[in-house]
Amino acid sequence: MNAAVNVLVVGVGPHTRLNHLSALAAAQDAGLAGTVTGVDLPHAAVAAVEYGTPGRLRRMPVVAVQQIPATRQTLPRGVRQVLEGVVRRERIGAVVVATEPSVHLPYALWAMERGLPVLLDKPLTVHPAASTDPAAAMAIADDFETLLDAYRAARRRDPRMVVSVLSQRRWHPAFRLVRELIGEVAETTNCPVTSIRSSHGDGQWRLPDELVDLSYHGFDRGYGKAAHSGYHHFDVVPWWLAAGERPGKEIDEIEVHAACTRPADFLAQLTVADHELLLPGLADRNPYTEQDLHRLTAGFGEVDVFLNVAYRSRGRTMALGSHSLAHTTFSQRGNLHPEPGGLYKSNGRIGQETHIIQQGPFQALHLHILQSLHADQDGIDRRAPGGADHIELHVFRNNKMCPDWERHRTLGFADLVQGSGTGAVLPTQRSARTCAIVEFLSNLAGRIPRTAMASDLADHRRPARLMAAAYLSMARRYADGGRPTAPAVLDFHPAPAPADRRADQALAALGAAR
């Protein structure tokens, strides 16, 4: 076993503080993580960040680096020098990349070049104007190939190198069970998934002036919902579909039609005047007229996006997909001023997620998740496990074809908990994120092999291409004045494994299989 690894966290914004730091604290308690050091822009690096539980708070020092353009593939010399100094001084052994996603690429490439294992946050990458510029949309697919080439090169230098993607639904007990159930029926019947309807709504109500003034998880960079949380669906849907693929029925192409709303559409649904009637005081606060807002938000990214997808094999459609990703859904916000945590979490956000999967005439799976999101000012979610979460999985099977199958069963929160005691994995996003981080660090400690990891970078070609196709369809429609245009059609082959035979042999010879 190896010693606990010291971790460098690049990006310590609200997402990291709410999600990653509590998992890193748990990893420290388990002896998997040593010191944790942050890196962020100067305004975020003025003070150390406290994290952990109220009874055991820790302090993470934060080192300042200069902002870099989102168009760069390599880090500027000055930023590299700062990072290299931190790596030497703190004896860093792993990097968590949790920056704004438009700069994921240069930080991940730097870490791989440096030989540092990477836990890469989702989405892998995104580009400014992805929803309005077809070239920026396609760059998302190209970025994956760049990352994979760098990963292969890093593994040739050191077979122990690992890059894991923190797309936490792969560790969520309910999502893992759905995948197992799909595989069982495919094995018995040779039938793949034939249709899937997925939706996610997060109940974010962003007021007219906030569309312009609040940029965190906003729309001003030319992308929105699909990059904010859409990658979870771009990842989990192909992951489920792959469980049902059979010889001769492998998906090799996707066709994507996207329709989206942008801030101008939202302001037509609820006008500035509507908002002012609903929220007294907004008129005094809001400095923008309706015309100002339309001018200032021109070219902004998507608020909501709905996708129709055909998943094909050798020219034949194996599965149809309907994927709905929306900020504009039921909310409990009723206040004019955002709460101290901003709009990223809290402020009345109510998560709604549904997946309905059909596997020919043999199986239907209905997964429903309702989640009330609450965070304290310090970014710590103090909900009791399951207290504000509702999760339900319905499994329907054709027992006339297979009498051993149960016609219908329902699994709730308690049924979906994996394990017991302190090691139990709860059917919550928080528990799944902790699993992702613990798995990554367990691999570095020599406790589990890379082949047993749930979310290796090489397995993310399909999610990257589905995200690129979604944005390509949006961008083409935008360029054509909002009229329906030709769909985005991309190949959908999975990427080959990043380790060549020599690397695997070298790893075996080292006796360091992780």
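Scroll up a little and you will see the structure.
The paragraphs below set out a description of the structure included in this document. (Residues numbered from 1 in each chain as written. Predicted model: local features only at pLDDT ≥ 70, side-chain atom pairs only at ≥ 80, totals over all residues. Heavy atoms only, no water.)

Notes on the nonpolar core
Okay, so step 1: Ranked by internal contacts, the top residues of the largest apolar core, which has 127 residues, are Y107, M112, W240, Y311, L441 and Y471.
Okay, so step 2: Judged by nonpolar contacts, the second largest core, of 13 residues, contains F266, L279, V303 and L336. (Core = buried A, V, L, I, M, F, W, Y, C linked by side-chain atoms within 4.5 Å. Buried < 20%, exposed > 50% of the residue type's maximum accessible area, 1.4 Å probe, protein only.)

Thoughts on the pairing of strand β12 (residues 316-326)
Okay, so step 1: Relative to β12, strand β9 (residues 195-201) runs parallel, the two sharing seven bridges. Looking at β12, one finds that S198 is bridged to H323.
Okay, so step 2: Bridge analysis of strand β11 (residues 304-313) against β12 gives 10 bridges, and the strand direction is antiparallel. Each residue of the ladder has a partner; that of V309, found in β12, is G321. (Pairing = 2+ DSSP bridges. Helix = DSSP H or I, 4+ residues; strand = E, 2+ residues; numbered from the N terminus.)

Re helix α2 (residues 77-90)
Okay, so step 1: Taking 1.5 Å per residue, 14 residues should reach 20 Å; α2 reaches 20 Å between its end C-alpha atoms and fits that length.
Okay, so step 2: For α2, the set of buried residues is V79, L83, E84, G85, V86 and V87.
Okay, so step 3: Two residues or fewer past α2, R91 is found with a positive phi of approximately 55 degrees. (Expected span 1.5 Å × (residues − 1).)

Re helix α3 (residues 104-113)
Okay, so step 1: Across the 10 residues of α3, nine count as buried, placing the element largely inside the fold.
Okay, so step 2: Within α3, the full set of buried residues consists of H104, L105, P106, Y107, A108, L109, W110, A111 and M112.
Okay, so step 3: For α3, the secondary structure elements touched by its buried residues are β1 (5-10), α2, β6 (92-97), β7 (118-121), α4 (134-157) and β8 (163-166).
Okay, so step 4: One or two positions beyond α3, positive phi appears at G115, with a value near 80 degrees. (Contact = heavy atoms within 4.5 Å.)

Examining the pattern of salt bridges
Okay, so step 1: Summed over all chains, the structure comprises 27 salt bridges.
Okay, so step 2: The partner of E184 in a salt bridge is R397, and the shortest N-O contact between them spans 3.0 Å. Taken together, the positions of E184 in helix α5 (residues 173-189) and R397 in strand β15 (residues 389-397) put the pair 213 residues apart, joining distant regions of the chain.
Okay, so step 3: For R397, a relative accessible area of 12% corresponds to the buried category.
Okay, so step 4: With its nearest N and O atoms 3.1 Å apart, the salt bridge here joins E253 to R312. Within this pair, whereas E253 is found in strand β10 (residues 253-261), its partner R312 is found in strand β11, the two being separated by 59 residues in sequence.
Okay, so step 5: According to the relative accessible area criterion, E253 is partly exposed, its value standing at 28%.
Okay, so step 6: When salt bridges with common partners are traced through the structure, they connect E145, R461, R465 and D491 into a single cluster. (Salt bridge = Lys/Arg side-chain N within 4 Å of Asp/Glu carboxyl O.)

Quick notes on the side chain of H200
Okay, so step 1: Its place among the elements puts H200 in strand β9.
Okay, so step 2: A relative accessible area of 14% places H200 in the buried class.
Okay, so step 3: Within polar-contact distance, the side chain of H200 engages the side chain of K225 at 2.9 Å.
Okay, so step 4: Beyond its immediate sequence surroundings of up to four residues, H200 is in contact with R169, K225, S229, H233, S324, L325, A326, Q352 and E353. (Polar contact = N/O pair within 3.5 Å; in protein donor to acceptor, adjacent residues only side chain to side chain.)

Some points on the sheet that holds β7
Okay, so step 1: What the six strands build is an open sheet, ordered β5-β2-β1-β6-β7-β8; its pairing is parallel. Edge positions in the open sheet fall to β5 (62-64) and β8, since each of these has one partner strand only. Between one strand axis and the next, the sheet turns through 25 degrees on average, direction left out of account.
Okay, so step 2: As paired elements, β7 and β8 share four bridges and run parallel to each other. Following the sheet pairing, V118 is matched in β8 by V163.
Okay, so step 3: In this fold helix α1 (residues 14-29) packs onto β1, β2 (33-40), β6, β7 and β8, with an angle of close to 160 degrees to the strand it touches most, β2. (Axes fitted to C-alpha atoms, helices over the stretch in contact; angles between N-to-C directions.)

Points about the environment of R114
Okay, so step 1: Of note, R114 is situated in the loop between α3 and β7.
Okay, so step 2: A C-alpha to C-alpha distance of 8.6 Å links R114 and A154, two positions 40 residues apart in sequence.
Okay, so step 3: Sequence-distant contacts of R114, that is, excluding residues within four places in its chain, are made with E84, V87 and R88.

Observations regarding the side chain of D121
Okay, so step 1: Along the polypeptide, D121 turns up in strand β7.
Okay, so step 2: One buried charge, D121, has no salt-bridge partner; the nearest side chain with opposite charge is K122, at 5.5 Å.
Okay, so step 3: Side chain to side chain, D121 and H20 meet in a polar contact 2.8 Å long. (Lys, Arg positive; Asp, Glu negative; His and termini not counted.)

A few points about the packing of α1 against helix α14 (residues 429-444)
When two helices pack together, their arrangement is given by the angle between the helix axes and by the axis-to-axis distance.
Okay, so step 1: Direction vectors running N to C along α1 and α14 enclose 50 degrees, while the axes themselves pass 9 Å from each other. With respect to α14, the axis of α1 lies oblique. When you trace α1 past α14, the crossing you get is right-handed. Here L18, N19, H20, S22, A23, L24 and A27 of α1 lie close against α14, whose contacting residues are R430, R433, T434, I437 and L441.
Okay, so step 2: Looking at the contact of α1 with α14 residue by residue, the classes come out as six nonpolar, four polar and two charged. (Parallel < 35°, antiparallel > 145°, perpendicular 65-115°, else oblique. Left-handed = near helix turned anticlockwise from the far one by under 90°. Nonpolar A, V, L, I, M, F, W, Y, C, P; charged D, E, K, R; others polar.)

Some points on the pairing of β11
Okay, so step 1: Of all 10 residues making up β11, eight are buried, and the element is well covered by its neighbours.
Okay, so step 2: Looking at chain direction, β10 and β11 are connected through nine bridges and run antiparallel. For E255, the partnering residue across the bridge sits in β11 and is A310.
Okay, so step 3: Between β11 and β12, which pair antiparallel and follow one another directly, the connecting turn spans two residues, one of which, R314, has a positive phi of 55 degrees.

With respect to unusual backbone geometry
Okay, so step 1: Looking along the chain, the bond that leaves K122 and enters P123 is cis, with omega of -15 degrees.
Okay, so step 2: Looking at the secondary structure, you find P123 in the loop between β7 and α4.
Okay, so step 3: One non-glycine residue, R91, lies in the positive phi region at around 55 degrees.
Okay, so step 4: Its place among the elements puts R91 in the loop between α2 and β6.
Okay, so step 5: Judged by relative accessible area, R91 falls into the exposed class, the value being 71%.
Okay, so step 6: Phi angles above zero are rare outside glycine, and N190 is one such case at about 65 degrees.
Okay, so step 7: Residue class for N190 comes out partly exposed when judged on its relative accessible area of 34%.

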